[in-house]
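Structure at a glance
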Amino acid sequence: MPTWDNPLITIVTDKCRMCYACVRECPAKAIQVVDGQARVIQPRCIGCGNCLRVCSQNAKQVRDDTEKAFALLDSGAHVAAMVAPSFPAEFIDISPGRLVAMIRALGFDSVHEVALGADLVAREYRKLLDENPESRYISTPCPAVVSYVRKYHPRLMPYLAPVVSPMVAMARVLRHDLGPDIKTVFMGPCVAKKRASIDTTHREVEAVLTFAELRTMFDKRGVKPEAFTEDDDFDPPYAGVGMVFPISGGLLQTADIKEDLLSGEVVVAEGRGDFIETISEFDVTHADTRLLDILACQGCYAGAGMTTNETMLQRRTRVSNYAKNRLASYSEEQAAEVEGAEERYRDLDLSRAYRSDEQTLGDSATWDELQEILHRMGKFTAEDLLNCGACGYDTCLDHARAVYAGLADSEMCLPHTIEQLRTAYDALEESHRSLEEAKEALERSGKLASMGQLAAGIAHEVNNPLGTLLLHANLLLEECEDSETKSDLETIVDQGNRCKRIISGLLNFSRQSRVLRQPTDVAELVDRIIRTAPAASGVTVKIDNRLSDPVADIDPDQMVQVMTNLYSNAQQAMPDGGDLSIELTDDPETVTIKVSDTGYGISEDNMTKLFTPFFSTKAVGMGTGLGLAVSHGIVKMHKGQITAESNADRRQGPTGTTFTVTLPRHEPKGPVMGERRE
Ligand code: ADP
């Protein structure tokens, strides 16, 4: 029985980048992905090695039997090396004779070609077909194929040819020739054979090494090809045409069975896709097929235990060239021995039986359960079922079934994950934008705070001396008779008053922190402002009062200041006349005042500076640049919002500006950004 304590293939989770290539390529669906971690479900694995081939991260590990082989060599028993016939495709840097010498140098007592086992197995197939003309067979030299049938198509087991693999046949030959106590170590391209060595009831092969592992053994023992001056030769018994066994259809050629394409009696299938499809269809579509010669790889020389990067054609050529040269190089004596092998091992039992190892995925899911899983993957309609295969499963439904069986995660659905990422990205962008806004508001309120302190200081120091200065200038003006001096004094009073206006703006600015809320009729407040400051010539003022409840808890004096600023700015922006409209709207929580004009508008550059103290585009003496800064501070102290929209570019439509002030109807709880406390 196989032991799962010593698994054949494992996944190095640190290296695994979750590309799902192995899930996609595993014909047995033996790779489970749960919580973002992939692992091999050992009882489902057929050892075909596809996952090793497709893993670009080298995150798959094959059970290493080199130490086991070293232990056998140290045991004192006769240890026979059995070299698979695909070795010429692997050892392109080492001649066959040199390879034999190197294997012997590792401590092996004899070195044999498994190709003889292939010769004998081929003979069995010929016999089987001749003696059972009504029977149909699936060939069994490939352990991955046998495993696949036993696990996933057990009802096809009666078709599995009851013949051992060339590896086991060779082990039996060697025990026949060298005695039952010898130990055998197989060296080949195949990963699945490692499982076969522990799977067979007799455990006829003590260790199975891949060619990659054989190279590791050479490295570990410092066995280098250049250390050998003479080539060595394989030990008898010698092999015949079985040397071409690794080539697809090699079994037929060795057994001299004709692949008659027209009759369809013999069908050759190889490689991942082909072998699964052919097996699944065997009893339906291949009713006339007497022998299905099938390999899980594209020829044994494509096995996952190879290290060569050569193309399949190059590998195939190397194997057939070796066979041609080797057979031609045999002495008469050797050729006679090969001829006699069939007779010599006539009584050797090369039969085997099979036990089912059926693997199921448990109860199948109901449609409702599958739908629930599909919904989790964002699939609600038929169009959502993209069947893109990115998850490793052919269809979305297969993926959902695997999720139900606990083999897969719903997160493996790439389109769904991308969609989720996009949503997360949008949310992040939105939060980034509001953070930026908050940062700007913070900077602005910081600037305003320091400006407030500065303003308070200046106002305090300058206000009194300025008052005295103006008082005296006015007194002098009253008494003055001389018109020239009078004009000078008038200039002094004028400029002094201008300074006073600036000082009073600064004082307002520094006093914003105190809000004295009281129930105020907002419509009445706006009306009052318009009545006390009539419109400039050419300016039409309209009020659109849509308030359902005009009363709000605000500081009326401060709000008069805000409205007066906005009202006079709007008028000044329309020197040639225009429309000034004030729109009042509300909801139970807020009151909104919009002041719009059809003036010259504000350039994009200036939009960012509007609320900065002392920013003014007005002529000297016309503006202090404090109106909007003060208004901003007051609105913020009311825990409200003030925003501006404007167009100064005629090409983009009518010019004009709208300031929108939104105030909470009642004092909200908790501080608001930009709030300053005394
Ligand atoms: P001041 O009015 O003293 O210049 P404000 O802080 O009230 O200071 O305004 C700052 C600047 O914003 C103004 O100089 C002007 O350039 C611009 N501004 C404000 N309101 C308007 C408006 N309604 N139309 C065009 N520009 C405006």
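Refer to the structure presented above.
The structure contained in this document is the topic of the report that follows. Since this is a predicted model, take the numbers as computed values, not measurements.

1. Some details on the overall build of the protein
The helix and strand inventory of the protein stands at 22 helices and 18 strands. Against the globule reference of 26 Å for 678 residues, the protein gives a C-alpha radius of gyration of 46 Å, more extended than a compact globule. Principal-axis analysis of the C-alpha atoms places the extent of the protein at approximately 150 × 60 × 45 Å. Going through the 678 residues of the protein one by one, you find that 48% of them count as buried. Accessible surface, the protein: about 33,800 Å² in total, of which carbon and sulfur atoms supply 51%. Charge-centre separation for the protein: the mean point of 72 positive side chains lies 2 Å from the mean point of 101 negative side chains.

2. A word on the sheet that holds strand β5 (residues 79-83)
The 4 strands are arranged β6-β5-β8-β9 in an open sheet whose pairing can be described as parallel. Strands at the two margins of the open sheet, each flanked by one partner only, are β6 (110-113) and β9 (207-210). Each adjacent strand pair in this sheet contributes to an overall mean axis angle of 25°, direction not counted. In this sheet, β9 lies alongside strand β8 (residues 183-188) in parallel orientation, the contact comprising 4 bridges.

3. A few points about the packing of aromatic side chains
Following the criterion strictly, the structure yields 7 aromatic pairs and no others. Note on phenylalanine 87 and phenylalanine 234: the rings are 5.6 Å apart at their centroids and 65° apart in plane angle, and the pair reads as edge-to-face. With a gap of 147 residues between them, phenylalanine 87 in helix α4 (residues 87-90) and phenylalanine 234 in the loop between α10 (211-220) and α11 (250-255) connect regions that are remote in the sequence. Centroid distance phenylalanine 91 to phenylalanine 211: 5.4 Å. Interplanar angle 80°. Geometry classified as edge-to-face. Of this pair, phenylalanine 91 sits in the loop between α4 and α5 (96-105) while phenylalanine 211 sits in helix α10, and the two are 120 residues apart along the sequence.

4. As for a nonpolar patch on the surface
Together, Leu454, Ile458 and Val462 make up a nonpolar patch on the protein surface, roughly 220 Å² of accessible area in all. Mapping leucine 454 onto the fold places it in helix α17 (residues 414-479).

5. A word on the pairing of β8
With 5 of 6 residues buried, β8 is to be regarded as a mostly interior element. Pairing geometry for β5 and β8, over 5 bridges, is parallel. Residue pairing for β8: valine 83 is matched across the bridge by methionine 187.

6. Quick word on the site of the ligand
Inspection of the region around the ligand gives 20 residues, with Asn569, Ser616, Thr617, Lys618 and Leu628 positioned closest. A distance of 2.9 Å separates a nitrogen atom of the ligand from a polar side-chain atom of aspartate 597. Residue glycine 627 places a main-chain N or O atom 3.4 Å away from an oxygen atom belonging to the ligand. Notes on the ligand: free accessible area 530 Å², of which the protein chains cover 95%. Those elements giving two or more residues to the shell around the ligand turn out to be α20 (556-572), α22 (627-637) and β18 (656-664). Classifying every residue of the shell around the ligand gives 9 nonpolar, 9 polar and 2 charged.

7. Focus: the packing of helix α3 (residues 66-74) against α10
Here α3 crosses α10 at 60°, and the two axes come no closer than 10 Å. Taken together, α3 and α10 sit at an angle that is classed as oblique. Of the two possible hands of crossing, α3 and α10 adopt the one that is right-handed. Facing α3, whose interface residues are Thr66, Glu67, Ala69, Phe70 and Leu73, α10 presents Glu213, Thr216, Met217 and Lys220. Broken down by class, the residue content of the contact of α3 with α10 amounts to 4 nonpolar, 2 polar and 3 charged.

8. Considering the environment of glutamine 420
Following the sequence through the fold, glutamine 420 ends up in helix α17. For the pair glutamine 420 and glycine 378, spaced 42 residues apart in sequence, the C-alpha separation works out to 9.3 Å.

9. Focus: the sheet that holds strand β7 (residues 137-138)
Strand order in this open sheet of 3 strands is β7-β11-β10, and the pairing throughout is parallel. Each edge of the open sheet carries a strand with a single partner, namely β7 and β10 (266-270). Here 5 bridges tie β10 to strand β11 (residues 291-295), and the two strands are oriented parallel to one another. Its bridge partner lying in β11, valine 266 is registered against leucine 291.

10. Describing the side chain of aspartate 65
The topology assignment puts aspartate 65 in the loop between β4 (60-62) and α3. Among the polar contacts made by the side chain of aspartate 65, one reaches the side chain of arginine 63 at a distance of 3.0 Å. Those residues within four positions of aspartate 65 in sequence are excluded, and the remaining contacts are Lys194, Val208, Leu209 and Glu213.

11. Describing the pattern of salt bridges
Summed over the entire model, instances satisfying the criterion amount to 32 salt bridges. Across the salt bridge formed by aspartate 586 and arginine 665, the nearest N and O atoms sit 2.7 Å from each other. One end of the pair, aspartate 586, is in strand β15 (residues 578-586); the other, arginine 665, is in the segment after β18, and 79 residues separate them in sequence. We note that aspartate 586, like arginine 665, is buried. Several salt bridges converge on common partners, so that one network encompasses Arg63, Asp65, Lys194 and Glu213.

12. Let's talk about the state of the cysteines
As used here, a disulfide is simply a covalent bond connecting the sulfur atoms of two cysteines. With the rule as written, the count across this model stands at 0 disulfides. The closest cysteine sulfur to the non-disulfide-bonded cysteine 300 is located on cysteine 142, 6.8 Å from its own sulfur. Its relative accessible area of 30% is what places cysteine 300 among the partly exposed residues. Residue cysteine 388 stays outside any disulfide, its sulfur separated by 6.1 Å from that of cysteine 391, the closest cysteine.

13. Topic: the nonpolar core
Counting residues in each nonpolar core, the largest one holds 81 residues, and the members touching the most others are Met82, Ile103, Phe108, Val185, Met187, Phe218 and Leu291. Residue contributions to this core peak at 9 residues, all from helix α6 (residues 115-131). Not counting chain neighbours up to four residues away, the residues in contact with leucine 291 comprise Tyr125, Leu129, Tyr137, Ser139, Leu251, Leu252, Ile257, Glu265, Val266 and Val267. Core analysis: the second largest hydrophobic core is formed by 61 residues, Ala38, Leu295, Ala408 and Met412 among them.

Basis of the calculations
Residues numbered from 1 in each chain as written. Predicted model: local features only at pLDDT ≥ 70, side-chain atom pairs only at ≥ 80, totals over all residues. Heavy atoms only, no water. Helix = DSSP H or I, 4+ residues; strand = E, 2+ residues; numbered from the N terminus. Rg over C-alpha atoms; globule rule 2.2 N^0.38 Å. Buried < 20%, exposed > 50% of the residue type's maximum accessible area, 1.4 Å probe, protein only. Areas by Shrake-Rupley, 256 points an atom, 1.4 Å probe, with all protein chains shown as cover. Lys, Arg positive; Asp, Glu negative; His and termini not counted. Charge placed at Lys NZ, Arg CZ, Asp CG, Glu CD. Pairing = 2+ DSSP bridges. Axes fitted to C-alpha atoms, helices over the stretch in contact; angles between N-to-C directions. Phe/Tyr/Trp six-rings, centres within 6.5 Å; stacked < 30°, edge-to-face > 60°. Patch = residues over 30% accessible without salt bridge, like charges linked within 9 Å, V, L, I, M, F, W, Y side chains within 5 Å. Salt bridge = Lys/Arg side-chain N within 4 Å of Asp/Glu carboxyl O. Near = heavy atom within 4 Å. Polar contact = N/O pair within 3.5 Å; in protein donor to acceptor, adjacent residues only side chain to side chain. Nonpolar A, V, L, I, M, F, W, Y, C, P; charged D, E, K, R; others polar. Parallel < 35°, antiparallel > 145°, perpendicular 65-115°, else oblique. Left-handed = near helix turned anticlockwise from the far one by under 90°. Contact = heavy atoms within 4.5 Å. Disulfide = S-S within 2.5 Å. Core = buried A, V, L, I, M, F, W, Y, C linked by side-chain atoms within 4.5 Å.

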